[in-house]
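Observations on the three-dimensional arrangement
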Amino acid sequence: MSVLIPFLALLLAGLLAAYLRVSLKTWAALSVIALVAAPFVGGSIVATVLFGLLFAALAVPLLHLPLRREKITRPLLAIYTKMLPQLSDTEKTALEAGTVGWEGELFSGLPKWKQLLNQPKPELSAEERAFLDGPVEEVCRMTSDWETTHDRADLAPEVWEYLKKQRFFGMIIPKQYGGLGFSALGHHKVIEKLASISSTLSSTVGVPNSLGPAELLLHYGTDEQKNHYLPRLADGREIPCFALTGPTAGSDATSLPDYGIVCEGEWNGARVLGVKLTFDKRYITLAPVATVIGLAFRLQDPDGLLGDEKDRGITLALVPRSTPGLEVGRRHFPLNCAFQNGPVRGKEIFLPLSQLIGGEDYIGQGWRMLVECLSVGRAITLPSTSSGAAKLAAVVSGAYARIRKQFGLSIGRFEGVEEALARIAGNAYAVSALSEATAAAVDRGEKPAVPSAIAKYHCTEMARQVGQDAMDIHGGKGVILGPRNYLGRGWQAAPISITVEGANIMTRSLMIFGQGAIRCHPWVLKEMQAAQHPDAETRLREFDRNLFGHIGFAVSNAVRSFVLGLTGARIGRVPGDATTRRYYRKLNRYSANLALVADTSMLLLGGKLKFKESLSGRLGDVLSQLYIASAMLKRYEDRDCPASERPLLAWAFHDACHKIELALSGALRNFPIRPAGWALWLLVFPWGRRAQAPSDRLGHRAASLLMSPSETRDRMGEGTFLTPCANNPAGRINAGLAKAIAAEPVERKFLKLVKSGDITAMDLPAQLHEAQLKGLLNAEEIALLNELQAIVHDAITVDDFDPSELVSARMAQGARLGKAA
Ligand SMILES: Cc1cc2nc3c(=O)[nH]c(=O)nc-3n(C[C@H](O)[C@H](O)[C@H](O)COP(=O)(O)OP(=O)(O)OC[C@H]3O[C@@H](n4cnc5c(N)ncnc54)[C@H](O)[C@@H]3O)c2cc1C
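The structure reproduced in this document is the subject of the present report. (Residues numbered from 1 in each chain as written. Predicted model: local features only at pLDDT ≥ 70, side-chain atom pairs only at ≥ 80, totals over all residues. Heavy atoms only, no water.)

1. Observations regarding the environment of leucine 605
Structurally, leucine 605 is set in helix H23 (residues 580-605). The spatial distance from the C-alpha of leucine 605 to the C-alpha of proline 672 is 8.5 Å, given a sequence separation of 67 residues. Residue contacts for leucine 605: discarding those within four places in its chain leaves Lys612, Leu615, Pro672 and Ile673. (Helix = DSSP H or I, 4+ residues; strand = E, 2+ residues; numbered from the N terminus. Contact = heavy atoms within 4.5 Å.)

See the structure below:
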């Protein structure tokens, strides 16, 4: 044993140094102290000297920088340069665009929670609040989603006019250009509320405020373009769209075949230099009504009119609707959603160079411009839409499940329905926190490339799950379309959100981890940049610094993974209260796991990793769930840790942990190099996979929160359109919940009377009359039951139609013409 003591002392010093992630010098100092102490605790002196010599043989080359650089780093640099994955220009642009925020900490294996919790609490301005309570509330009252989607296949003209008049299309345009100049949070809240009444309404408002002419002009437009277009876009005189996608260029948008040839042509009666454009675009939102079309195409200069380069690359232009030869106006019909969407085509149509966004300076920069701006819009439009839809579905499904009775009980009391309600509650809670977090990131000045991909993917997927559960709970009430149906159209629209702004399969398997791994990793990008430095000495020095930083980081993550796995993540200093401290510690563990597995994957698979989409997708899931859990914790702290909200937080948190462990175990079980997978498994899961899905007890508590009025439930529905009015059956059901609950004891008394035979009449009005006559129920109780009957009737009634009301306008017109003939 005395021989082993110095070895154990060194090992302990090494583990401690790695766990605490201290510098090489501190590790060396700790090791020397451990060796000196070894003989005092019974270690053999000879063994101590021997281990000391071995330690010196390892430590000296590591600490002596000139020696380390020449003997270790130089040969490794040569190997690394050969292995360095070749990135395409598209990938380089994607990697360089955007900033790194909290996701970088999650990738570090040792997140600095203070940094997250010190971020300012997101707050709306007074003006934004007034806008939400005024024009947003008003336009929601004006919108009938059934009329929009069935009768008109468009928003009503008065809704269009109101949107323009109140400058809904200018939320991101600064006030100096006549826009509303809203914060990202304000913008998020507006879209969230609009989406809770109509996805056509939220898409119509969302698109001009997302990636499109206004955003591009703000960043790259010439002064002349800004002064002309921005005021007109802000007040709706111009309706924009942005056309990137075509029949052959979908997810792989950079492969667009559309082109423009530089030439002279006629514009406003003068001969000017410009481009002759030929393009075929499809799926373009707002195109059928757009007055100005943002267009992406490849610019060719075969005659060298602009310089020597012939293929100038992807370029962006603004095409006025009046441009001769432009074909626009036909419509696609995306899953019965009535927002304007259609193709745009042009053959050899001429535009002057002054219509290129940013003018000649930005020729060939189109892809970079799009990618740089994409993250901001993607962080808001679809996450906010998903949040509005999910929050509304949550509160209304809760109310419906309480009001709707079968087998003598509220359907929400059956465990099967309760399970679905709990999923709705947890997912809606997570979507709402995540969408708010990405909006807040934009307001902090970030260009959140990775979080916006996380939010786009997970908000739309969770909202789809909420929609599915809500539809199941509502049964036929959700299926039968008509003015009383508040779920069906949203359910139909779910795949649209899944498809647009980067289709979800690709976003998960290629983008989240693909961008995150290199962008957020504290060392990989720096290593790559250092290895490509033109100056040989700087190259070696910088590569050495980053390489050893990276090695220390990897060792630390391996040790932290193992130690935190062994202890069940019960150690470490973290913030939080009695409930959440445990959560922060779990996230520390998973963060170390992610960093370890990501590093090993990059090291062993190199450039091949980008083709291993199953692995990349699963690691992306881990990063995403870490981000979602952080967003929930941050919001819980911002709200002063309300105890009543804990069941929702706990359900969503356990769900996230369960998903993290499923993703990690899937990644390790299928790791392309099997022995590496086994070794990683030992470090990540020393006791096996332990996290469980949220328990039934927790599910019961979360579901119950949706079925009874409370502050927590109100907060769940906050920001959605719940005003009980003629066009809002969801608002009416929600408003009826409290009264329905108040009537429950009387209802039970009444049912008992019927069952016992004290009341013998067959239908309800007669039964109530009999009960009153016999003095079995007093007037107040009768009134309560009548009110309950009206609420139930309104909640469960579905629409039916004269067949002619379901015939399309064209068929109806044909039939009328036939009759007339
Ligand atoms: C209603 C609607 C509105 C739209 N609005 C606009 C608009 O305003 N402007 C505009 O320019 N475009 C718009 N689009 C286009 C939209 O962005 C594209 O539909 C989207 O990029 C996907 O292209 P695609 O439909 O051709 O599918 P495809 O590219 O054919 O993809 C099919 C499937 O393959 C998957 N996939 C593709 N490549 C990979 C990969 N490498 N790894 C893993 N999976 C992969 C995708 O995830 C998807 O699931 C809109 C589309 C719709 C349906």
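2. Quick notes on the pairing of strand S7 (residues 341-352)
Along any regular strand, the residues point their side chains to alternate faces of the sheet. The buried count for S7 comes to nine of 12 residues, which makes it a mostly enclosed element. Where strand S3 (residues 270-285) meets S7, nine bridges bridge the pair, whose relative direction is antiparallel. When the sheet's bridge partners are listed, valine 275 is paired in S7 with leucine 351. Examined bridge by bridge, strand S6 (residues 326-328) and S7 share three bridges and lie antiparallel to one another. Bridge pairing in S7 places glutamate 327 opposite arginine 345. (Buried < 20%, exposed > 50% of the residue type's maximum accessible area, 1.4 Å probe, protein only. Pairing = 2+ DSSP bridges.)

3. Section: the side chain of glutamate 747
On the secondary structure map, glutamate 747 appears in helix H29 (residues 729-756). When residues no more than four places from it in sequence are discounted, the contact partners of glutamate 747 are Lys405, Leu785 and Leu788.

4. Considering H29
The largest bend in H29 is about 45 degrees, located at glutamate 744, with the proline proline 745 one to four residues further on. Note on H29: the residue one or two positions beyond its end, glycine 757, has a positive phi of about 90 degrees. (Bend = angle between axes of the 7 residues up to and from the residue.)

5. Considerations on the site of the ligand
Taken together, 22 residues lie around the ligand, and Phe242, Thr245, Ser251, Tyr283 and Glu613 are the ones closest in. In the model, an oxygen atom of the ligand is placed 2.7 Å from a nitrogen or oxygen of the serine 251 side chain. Within the contact set of the ligand, an oxygen atom lies 3.0 Å away from a backbone nitrogen or oxygen of threonine 285. Burial of the ligand by the protein amounts to 69% of the accessible area it has alone, namely 970 Å². Looking at the shell around the ligand, the elements with two or more residues in it are strand S1 (240-243), S3, helix H19 (488-499) and helix H20 (504-520). Looking at the shell around the ligand element by element, the count peaks at four residues for H20. Across the shell around the ligand, the residue classes break down as 13 nonpolar, seven polar and two charged. (Near = heavy atom within 4 Å. Polar contact = N/O pair within 3.5 Å; in protein donor to acceptor, adjacent residues only side chain to side chain. Areas by Shrake-Rupley, 256 points an atom, 1.4 Å probe, with all protein chains shown as cover. Nonpolar A, V, L, I, M, F, W, Y, C, P; charged D, E, K, R; others polar.)

6. Focus on empty space enclosed by the protein
Overall, the coordinates contain three cavities of 30 Å³ or more when judged by the stated rule. The space that makes up the largest cavity amounts to roughly 60 Å³. Lining the largest cavity we find Lys391, Tyr429, Ser432, Arg635, Arg639, Glu645, Leu648, Thr712, Arg715 and Met716. Sorting the residues of the lining of the largest cavity by element identifies helix H16 (415-443) and helix H28 (711-717) as the ones contributing at least two each. For the lining of the largest cavity, the residue count by class is three nonpolar, two polar and five charged. Estimates place the volume of the second largest cavity at around 50 Å³. Broken down by secondary-structure element, the contributors of at least two residues to the lining of the second largest cavity are H16, helix H24 (613-638) and helix H25 (646-669). It is H25 that provides the largest number of residues to the lining of the second largest cavity, a total of five residues. A per-class count over the lining of the second largest cavity returns seven nonpolar, three polar and two charged. (1 Å grid on protein atoms, 1.4 Å probe; cavity = no way out; pocket = protein on both sides within 12 Å on 5 of 7 lines; lining within 4 Å. Points joined across faces, edges and corners; volume = space filled by probe spheres on them.)

7. Some thoughts on the pattern of salt bridges
In this structure the tally under the stated criterion is 37 salt bridges. In this structure, the salt-bridge partner of arginine 271 is glutamate 264, at a minimum N-O distance of 3.7 Å. Beyond isolated ion pairs, a larger network of salt bridges with shared partners links Lys189, Glu192, Lys391 and Glu436. (Salt bridge = Lys/Arg side-chain N within 4 Å of Asp/Glu carboxyl O.)

8. Here's the deal with the packing of aromatic side chains
Scanning the model with the defined rule gives 14 aromatic pairs in all. For the pair tryptophan 102 and tryptophan 113, a centre-to-centre distance of 5.2 Å together with 50 degrees between the ring planes defines the contact as tilted. With a gap of 11 residues between them, tryptophan 102 in helix H6 (residues 102-106) and tryptophan 113 in helix H7 (residues 113-117) connect regions that are remote in the sequence. Site record: aromatic cluster; members linked through ring pairs are Trp102, Trp113 and Tyr584. The ring of tryptophan 523 has lysine 526 sitting right over it, with the charged end atom 5.1 Å from the ring centre. (Phe/Tyr/Trp six-rings, centres within 6.5 Å; stacked < 30°, edge-to-face > 60°. Lys NZ or Arg CZ within 6 Å of the ring centre and 35° of its normal.)

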